[in-house]
Amino acid sequence: MSDPPVVRVAVIGSGPAGFYAAGHLLKASDERLEVDMLERLPTPWGLVRSGVAPDHPKIKSVTRVYEKTAAHPRFRYFGNVTFGEHVSRAEMLAHYHALVYATGSPADRALGIPGEALPGSHAATEFVGWYNGHPDYSDLEVDLLAAERAVVVGNGNVALDVARMLVLTSEELAPTDTANNALEVLAHSRVHEVAVLGRRGPAQAAFTNPELLELGELADADIIVDPEELERALELEDPTADTAAKRNVEILRSYAAREPAGHSKRIVLRFLVSPVALLAGEHGHLSAVEMVRNELVAGDGGSLRARATEEHETIAAGLVFRAIGYRGIPLPGVPFDERSAVIPNHGGRVLDPDSERPLPGEYVVGWIKRGPSGVIGTNKRDAQETVDAVLADLAPLLDGDAGAAGGTDASTVHMPQASDAETIEAMLRERQPQLVTYSGWEAIDRHERALGEAQGRPRVKLTRIEELLEVASLEEP
Ligand code: NAP
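This one's a predicted model, so the numbers in the text were calculated from it and none came from an experiment. (Residues numbered from 1 in each chain as written. Predicted model: local features only at pLDDT ≥ 70, side-chain atom pairs only at ≥ 80, totals over all residues. Heavy atoms only, no water.)

Enquirer: Please clarify how the site of the ligand should be interpreted in this entry.
Expert: Residues in contact with the ligand amount to 23 residues; listed here are only the nearest, Asn157, Arg199, Arg200, Glu211 and Gly374. Within the side chain of arginine 199, an N or O atom sits 2.7 Å from an oxygen atom of the ligand. Note that an oxygen atom of the ligand is positioned 2.8 Å from one of the side-chain N or O atoms of arginine 200. For the ligand, whose unbound accessible area comes to 920 Å², protein coverage reaches 80%. (Near = heavy atom within 4 Å. Polar contact = N/O pair within 3.5 Å; in protein donor to acceptor, adjacent residues only side chain to side chain. Areas by Shrake-Rupley, 256 points an atom, 1.4 Å probe, with all protein chains shown as cover.)

Enquirer: What exactly am I supposed to notice about the sheet that holds strand S17 (residues 349-351) here?
Expert: Whether parallel or antiparallel, the strands of a sheet pair through hydrogen bonds between backbone atoms. Taken together, 7 strands build an open sheet; the order of strands is S3-S2-S1-S4-S18-S17-S16 and the sheet is mixed. The open sheet terminates on both sides in strands that have one partner only, identified here as strand S3 (75-79) and strand S16 (345-346). Bridge count for strand S1 (residues 7-12) against strand S2 (residues 33-39) is 6 bridges, and the pairing is parallel. Of the residues in S2, the one forming a bridge with arginine 8 is glutamate 34. Helix H1 (residues 16-28) contacts S1, S2, S3 and strand S4 (98-101) of the sheet and is inclined by roughly 170 degrees relative to S2. (Pairing = 2+ DSSP bridges. Helix = DSSP H or I, 4+ residues; strand = E, 2+ residues; numbered from the N terminus. Contact = heavy atoms within 4.5 Å. Axes fitted to C-alpha atoms, helices over the stretch in contact; angles between N-to-C directions.)

Enquirer: Would you explain the pairing of S2 in this entry?
Expert: For a regular strand, the rule is simple: side chains alternate between the two faces of the sheet. For S2, a buried count of 6 out of 7 residues is recorded, marking the element as mostly surrounded by other parts of the structure. One crossover worth recording links S1 to the parallel S2 by way of H1, and it is right-handed. Two strands pair when backbone bridges link them, and S2 and S3 are joined in this way by 5 bridges, in the parallel orientation. Of the residues in S3, the one forming a bridge with leucine 38 is phenylalanine 78. (Buried < 20%, exposed > 50% of the residue type's maximum accessible area, 1.4 Å probe, protein only. Right-handed = clockwise from strand over helix to strand, strands pointing away.)

Enquirer: I'm lost on the sheet that holds strand S12 (residues 286-298) in this one. Help?
Expert: Read from one edge of the open sheet, 3 strands run S11-S12-S13, paired in antiparallel fashion. Both edges of this open sheet fall to strand S11 (273-280) and strand S13 (304-316), since each of them pairs with a single strand only. Direction aside, neighbouring strands of the sheet carry axes that sit 20 degrees apart on average. Taken together, the 7 bridges between S11 and S12 define a ladder with antiparallel strand orientation. Its bridge partner lying in S12, proline 275 is registered against methionine 291.

Enquirer: Honestly, the layout of surface pockets in this entry has me stumped. Any pointers?
Expert: Left-over empty space is what a probe sized like a water molecule reveals as it rolls over the atoms. Space inside the second largest pocket adds up to approximately 380 Å³. As for the second largest pocket, its lining consists of 20 residues, and the residues nearest its centre are Lys60, Asp177, Arg449, Pro458 and Arg459. Counting only elements with at least two residues in the lining of the second largest pocket, the list comes to helix H2 (47-50), helix H3 (57-60), helix H4 (63-70) and helix H17 (438-453). At 3 residues, the largest contribution of residues to the lining of the second largest pocket is made by H4. In the lining of the second largest pocket, the residues fall into 7 nonpolar, 3 polar and 10 charged. (1 Å grid on protein atoms, 1.4 Å probe; cavity = no way out; pocket = protein on both sides within 12 Å on 5 of 7 lines; lining within 4 Å. Points joined across faces, edges and corners; volume = space filled by probe spheres on them. Nonpolar A, V, L, I, M, F, W, Y, C, P; charged D, E, K, R; others polar.)

Enquirer: Is there a simple way to think about the packing of aromatic side chains in this case?
Expert: Aromatic ring pairs are defined here through the distance separating the ring centres and the angle between the ring planes. Tallying each qualifying case throughout the model produces 12 aromatic pairs. Considering the side-chain rings of tyrosine 20 and tyrosine 66, the 5.2 Å spacing of their centres and the 85 degrees angle between planes classify their relative orientation as edge-to-face. Taken together, the positions of tyrosine 20 in helix H1 and tyrosine 66 in helix H4 put the pair 46 residues apart, joining distant regions of the chain. Residues tyrosine 20 and tyrosine 66 agree in their burial class; the two are buried. (Phe/Tyr/Trp six-rings, centres within 6.5 Å; stacked < 30°, edge-to-face > 60°.)

Enquirer: Could you clarify how one ought to interpret the pattern of salt bridges in this entry?
Expert: Opposite charge on two side chains makes pairing possible when the charged atoms of those side chains draw close. What the rule picks out here adds up to 35 salt bridges. Here glutamate 193 makes a salt bridge to arginine 149, at a shortest N to O gap of 2.9 Å. Of this pair, glutamate 193 sits in strand S8 (residues 193-197) while arginine 149 sits in strand S7 (residues 149-153), and the two are 44 residues apart along the sequence. Residue class for glutamate 193 comes out buried when judged on its relative accessible area of 11%. Two residues, arginine 266 and glutamate 193, come together in a salt bridge whose shortest N-O distance is 3.0 Å. Here arginine 266 is found in strand S10 (residues 265-270), whereas its partner glutamate 193 is found in strand S8, with 73 residues between them in sequence. Several salt bridges share partner residues, and in doing so they unite Arg49, Asp445, Glu448, Arg449 and Arg459 into one network. (Salt bridge = Lys/Arg side-chain N within 4 Å of Asp/Glu carboxyl O.)

Enquirer: How should I be thinking about H1 in this particular structure?
Expert: Side chains three or four residues apart in an α-helix point the same way, a direct result of the helix having 3.6 residues per turn. Counted at 1.5 Å a residue, the expected span for H1 with its 13 residues is 18 Å, and the 18 Å between its end C-alpha atoms agrees. With 11 of 13 residues buried, H1 is to be regarded as a mostly interior element. When H1 is considered as a whole, its buried residues turn out to be Pro16, Ala17, Gly18, Phe19, Tyr20, Ala21, Ala22, Gly23, His24, Leu25 and Leu26. (Expected span 1.5 Å × (residues − 1).)

This is the structure in structure tokens:
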């Protein structure tokens, strides 16, 4: 009797959600389940490499967990392969029993105000990609040499990352893996004030406590909170405020009570203000931000929402970064809900938008499943829910009862036409001759770490696709 066939799952995307899904799948399954991971970039780890701020190395150490998954004998990594370009959804479904989409939310959300496209106005996603050496953003021009004040719109952790990166000293940045081109520009930055704008109040801010506390400990930047503005924004009690929100309020009150130490840079946290227009100066470059003052009013479900007043204020600024959240983008051929910018799903099973029934063989994890919220660890739980669904649907095959797959459970079991490891790899290599395997990534990793070691930094990132491929090719067969 021949051995039962191998059950193959492909994970599309190599960020935390993709790696947690791969890890859970390999842990829970027997010898017959194999996982392939496709990644658009030559390098893995998603936002851990290109989103987490360079001065947060501890957060990045989570990759050790993912490295263990990658070393698993039933795991393969195919980098530099774009789903929907090198290989279509239909082809993937013809080769795999299950596809798990883990592509995150790579786009930004727009404010929708006049002047948003002016030079000097950036999405935080671009700036974050730039200082983190993401190849898509290595040529971004951030005019830090002309601007004296930068405005960051949004009250989430990305806004704080951006604000902090703008005021860190060269000494604070030196031991980090900030991209070399960004290090150079940041070292000569003339920005000495960063205003962070919250449209609601301190009790509604999305900051997490450690990130807010960190602002008070910067080497050469004061943190400024106007006590009057703060208290005005706290007049209406927020019935939805949780422990973290209450702690944020305490921290902000302590900042408001502080005497500035006279540092050369400052972060000013503003509340109850929304930008309504970005204004151009003489040369058509951003020169000021017009804002409206808001008041808080009770919204649906008890939460407080911002309502614009008649009061306006204009502040000079040469740079604006909008940090008002990320947004998912559709994958070719895969259902997508434009309104929430996620793949429609029920507990991780992708839903047919017409029938609202699960599409056999298609699953989703992470931000493209639930939207761009939560910290890295949130994806571990989230991936478990999806993997439970995958394994439940594949149970007839994994239990060796292939007959059941053609029986009553057929609606949940997807049967590929052909599925062997070599055929899949050959197809992908034919489509993308510069495919990067995990050993290719390990060559990049070693190279970057060696460059960094000489400078007392964790790594010096290669920021161009050609450079990455060249180093990876040293290891490719
Ligand atoms: P976020 O936490 O959702 O914050 C988005 C902010 O933008 C909110 O303050 C929101 O205010 C505001 N906003 C939305 N639309 C706006 C508009 N039109 N005008 C003005 N403000 C607007 O998103 P994020 O900062 O992008 O972070 C994404 C996730 O990654 C979060 O879960 C975050 O904690 C996580 N993250 C964690 C770390 C870390 O742990 N160190 C670092 C970075 C990111 P409203 O509340 O009023 O809507």
